[in-house]
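Breakdown of the fold
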Amino acid sequence: MTTPVKRDGEVGGGTPLLEARDLTVNHGQLRAVDAISLRVYPGEVYAMIGANGAGKSTLLRTIAGLHQPAAGAVLLDGQDLTRVRPERRARQGIALVPEGRRLFGSLSVEENLKVGTAYARKGPWTIDRVYETFTWMKDRRNQRTAQLSGGEQQTVAIGRALVANPRVLLLDELSLGLAPVIVQRIYGMLPQILATGLTVLLVEQDVSQALRVASRLQCLLEGRTTLEGTPADVTAEQVEAAYFGLTGAAAVLGEGSES
Amino acid sequence: MAWVNAIVQGVLTGGLYALFACGLSLMFGVMKVVNLAHGDLAVVAGYVGVGVITVTNIPVLWSVVIVVPVMAVIGYFLQRTLIQSALNRGVLTTLIVTLGLSMVIENALLQFFTANSRGIGAGMTLVTGSFSLGSQVELPYLLLVIFAVAVAVLLGLQWFLSRSSYGRLVRAVADDQEAAQLSGADYRHVFGIAAALALGTVALGGMAYSMYSTLDPTAGTDTILLFAFVAVVIGGLGSLWGTLVGGIVLGIAQQIGAQINISDELLAGYLVFLLVLVLRPQGLVSRRAQS
Amino acid sequence: MSVVTKAGPRPAESFLVTRSQRNVVWTGVGALIVVVVLALFPYLVYSGTTSLMVQGFIVLTLASMWNLLAGYAGLVSVGQQGFVGLGAYFVLIFALHGLSPFVALPIAAIACGVAALPLWWLVSRLRSGYFAIATWVLAATLMLFIERFNSLGGGTGLPVPGFTGMSPTLLTAYTYWIGLAVTVAALLAVYLLLRSRVGLVLTAIRDDEVAARSSGARVGLARLLVFVVAGIGCGAAGAVLAISQLQVQPSADFSVSWTAEMAFAVIIGGLGTIEGPIIGTVVYMVLQQTLASYNAWYLIILGLVAILVALFARRGLWGLVDEHLRVRLFPVGYWLRLAGDNDSSGRRG
């Protein structure tokens, strides 16, 4: 990765663009997210990895405003958004591409993008630019999105978030239900997106994909942080141990490279 | 030839029923709410119209121009306050709250205006006059105008939903409320707009009904709500033009029933409704089967 | 620099699942005493009071049925007045053929249950709100259909035969007792139903329908059963109505105000509990009596109170009692006790 890597606690990095402080979220009696903290700096790609049910999507949705945390705070550029409604957070520059795409099925591709522009901020992304970036879209722009393939829907969902010209793009499980080659292609678009000044916080079950694009990462298990660092720092064994919650010998073996 | 006249009358009353029904269909399509007070609010509109005319003595059609927007605004606020609170607590609560609202409105009207029925425009040629087509077919001016208004309203709604940016938001929120929020839309405001449209159209229907027939406190449920619902189901859930088709079928069924036996008018309409429910539950206009 | 934290599973705890046994005995004895005392009323009070009680019995029966439908099966029906009228007219039909109306009552109730089957088939595919209005249309259709028959009194109604020769005191007493019997039977039926396996399905539906379905519960069948039982109950109430009024009248027997009364009694008393309808009926009758001279006002107030309760006190009056006293008169739930807990700290299921 060529983007500058900031480490937590490193001086000179300035304020993080997006910050979660000791965020705790409950689903009824289940603690889905347990005192998680993260800081995402401008221009970087921060990845949250972990198995199904680890709490990653809940965390992302809480940052977007769809869940209220039981404790903790969400800050955008230093501003506390914890009590702000999701639509206002979206207007302030947090754009979530939700798990499962969640396109407006009865609307066409272009209409979906137009909804994205309804409360958009000023910026480089327009519907035309989305058509240039995802070349197949223009020809199919009047097609109802319910008829598109999974990968096509995913790119429309990303496009819908982009045209709002957000400051932070939240990507929830892009790879879910898609063929690996499609996933590669979509993640391949990331540099183009970052080049326009966006910051990305993504959630992924596919660890190798996440390691390939992230500048920093965090692993969750049962709502708690089990690993933090950069792709360069962590070994495969450490990731495996953190992902699955392995203890004992495997964890000890993983304590290899400390820097 | 009396049968032909019956069918013609039935088709024309379909326009009135479409006005009753399109608001109900819209509210259900957008926010999954069945407003049991839907018809009663139409009656309120009618009474307000009567009041406005009595107090200000303006021409009847001008009262329509005043009442409809007022009811639309009331609809927006009713949605943002009462109905949204109920929606936040679930479907059951919403039904109970709107049922309660219906009872309160009907009994309040009964208490303040008595059970006597009222109408407007009794002396106007628009209301009483008609064309004659041949010796057996009468085309009442009022029904023709109501039918034309209904078609205009449906065209307007269709244009609004498919072409305007607000209409697009309404459709988006109807598809996926949460995703719309993520794109910056306040769905409560969009719901309010849908409710405003629903109440505006049903107020129009209520005013039309007070000219076509007479209003009494129970007409809201006995006539308007039930007919609106039947028209929606016959036409097909989720179809705007289906409300016109459903209204026409209901109207024809009622008129034919009246031809057979004058007291069978209502029963005939309901039997056709049951028939559609049995044979084609998704309605006449819907393309795919609903479950 | 990387951090590895161990996140192990929580230790397994042991649980105990029981039913409340102690309550049942006390409530059963109490209920028996109440019923016996009520049964003695015709000997103790004036006929004005017993007539009022009969009205109360009708509302209570209807309310417990509506509670079963809406509070447990998730079916909001605005058309139960159809069964009320049907029950009344079945009594009329049997009485016209020489049967004593009192004997006809149980038969009429069963007949309503049978009628409920095709009616369910007609409306069961509709979703909640549309289901509600569809039941209303069904009730209206039934009324219009019955009004066609002049032999049944057409649009104006007919007196119910079979009461001639009875002394007024005896008539009042028999009417009262059959009203009491119907109400007791209705409450008992609801209680037993909810304690049964069907009841478990229903409580699951009440709490979370999607979860209930996905766990394989026979939701559709449970709802059908409830609809039929409610049909029988409301039909029985309608039969009591016909007997207490000594006549049938389509507009009164099929009036939607029956739905308003039963719905509001349930809401105010507490939806989804067996005790709720009882309290709600009492409140309803008190309101009706005190405001009777104000015509439509009591319905306006009732409607407003119902709206407020639905929005702000979801579990009604009984819910407020339940929260503070943790008492169940009719225990149908299960208690979840953590191993080592004493009686009072178990978690209610």
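Above this text sits the structure in question.
These numbers come from a predicted model, not from an experiment. (Residues numbered from 1 in each chain as written. Chains lettered and ligands numbered in written order. Predicted model: local features only at pLDDT ≥ 70, side-chain atom pairs only at ≥ 80, totals over all residues.)

A word on the overall build of chain C
The number of helices and strands found in chain C is 15 helices and five strands. Taking all 349 residues of chain C together, 44% fall into the buried category. (Helix = DSSP H or I, 4+ residues; strand = E, 2+ residues; numbered from the N terminus. Buried ≥ 20, exposed ≤ 12 C-beta atoms within 10 Å, placed from the backbone.)

Here's the deal with the overall build of chain A
For chain A, the helix and strand inventory stands at ten helices and ten strands. Sorting the 259 residues of chain A into buried and exposed places 46% on the buried side. Once local pairs closer than 6 in sequence are excluded, the contacts in chain A between residues at least 24 apart make up 70%. (Contact = placed C-beta atoms within 7 Å.)

Some remarks on the interface of chain A and chain B
At the junction of the two partners, chain A supplies 21 residues and chain B supplies 15 residues. Mapped onto the side of chain A that touches chain B, the elements with two or more residues apiece are α2 (86-92) and α3 (109-117) of chain A. Split by residue class, the side of chain A that touches chain B holds twelve nonpolar, three polar and six charged. (Nonpolar A, V, L, I, M, F, W, Y, C, P; charged D, E, K, R; others polar.)

So, the sheet that holds strand β7 (residues 168-172) of chain A
All names here are of chain A. Strand order in the open sheet formed by six strands is β6-β7-β8-β3-β9-β10, and the pairing between neighbours is mixed. The open sheet has two edge strands with one neighbour each: β6 (94-97) and β10 (224-229). Mean inter-strand twist for the sheet, computed between neighbouring axes without regard to direction, equals 15°. For β7 and strand β8 (residues 199-204), the ladder comprises five bridges, and the chain directions are parallel. Bridge pairing in β8 links Leu169 to Val200. (Pairing = 2+ DSSP bridges. Axes fitted to C-alpha atoms, helices over the stretch in contact; angles between N-to-C directions.)

Digging into the sheet that holds strand β4 (residues 71-76) of chain A
All names here are of chain A. Within the open sheet, the four strands sit side by side as β2-β1-β4-β5. Their pairing is antiparallel. The open sheet has two edge strands with one neighbour each: β2 (30-40) and β5 (79-80). Relative to β4, strand β1 (residues 18-27) runs antiparallel, the two being bridged by five bridges. Looking at β4, one finds that Thr24 is bridged to Ala71.

Remarks on the interface of chain C and chain B
Between chain C and chain B, the residue contacts involve 32 residues of the former and 34 residues of the latter. Within the residue set of the side of chain C that touches chain B, elements represented by two or more residues are α6 (128-147), α12 (257-269) and α14 (297-312) of chain C. Looking at which element gives the most residues to the side of chain C that touches chain B, the answer is α6(C), with eleven residues. Its residues placed into classes, the side of chain C that touches chain B shows 25 nonpolar, five polar and two charged.

Focus on the pairing of β6(A)
Residues and elements named next belong to chain A. The alternating pattern of β6 places Ile94 and Leu96 on one face and Ala95 and Val97 on the opposite face, and all of these are buried. Pairing of β6 with β7, which is carried by four bridges, proceeds in the parallel orientation. Paired with Val97 across the bridge in β7 is Leu171.

Examining helix α13 (residues 275-291) of chain C
Residue and element names in this part refer to chain C. Counted at 1.5 Å a residue, the expected span for α13 with its 17 residues is 24 Å, and the 25 Å between its end C-alpha atoms agrees. The set of residues buried in α13 consists of Glu275, Gly276, Pro277, Ile278, Ile279, Gly280, Thr281 and Tyr284. Contacts from the buried residues of α13 go to α3 (47-72), α12 and α15 (316-325). (Expected span 1.5 Å × (residues − 1).)

Details of the packing of α3(C) against α13(C)
Residues and elements named next belong to chain C. Viewed as axis vectors pointing N to C, α3 and α13 meet at an angle of 140°, and their least axial separation amounts to 9 Å. In terms of orientation, α3 lies oblique with respect to α13. Handedness of the α3/α13 crossing: right-handed. Contact with α3, carried on its side by Gly56, Val59, Leu60, Ala63, Ser64 and Asn67, involves Gly276, Pro277, Ile278, Gly280, Thr281, Tyr284 and Met285 of α13 and no other residues of that element. (Parallel < 35°, antiparallel > 145°, perpendicular 65-115°, else oblique. Left-handed = near helix turned anticlockwise from the far one by under 90°.)

A few points about the nonpolar core
Judged by nonpolar contacts, the single largest core of 282 residues is most densely connected at A:Leu170, B:Ala194 and C:Val91. A total of 17 residues in this core trace back to one element, the largest contributor, which is helix α9 (residues 187-212) of chain B. Residues contacting A:Leu170, with those up to four places away along its chain left out, are A:Leu60, A:Ile63, A:Ala64, A:Ile94, A:Ala95, A:Leu96, A:Val97 and A:Leu201. (Core = buried A, V, L, I, M, F, W, Y, C linked by C-beta atoms within 7 Å.)

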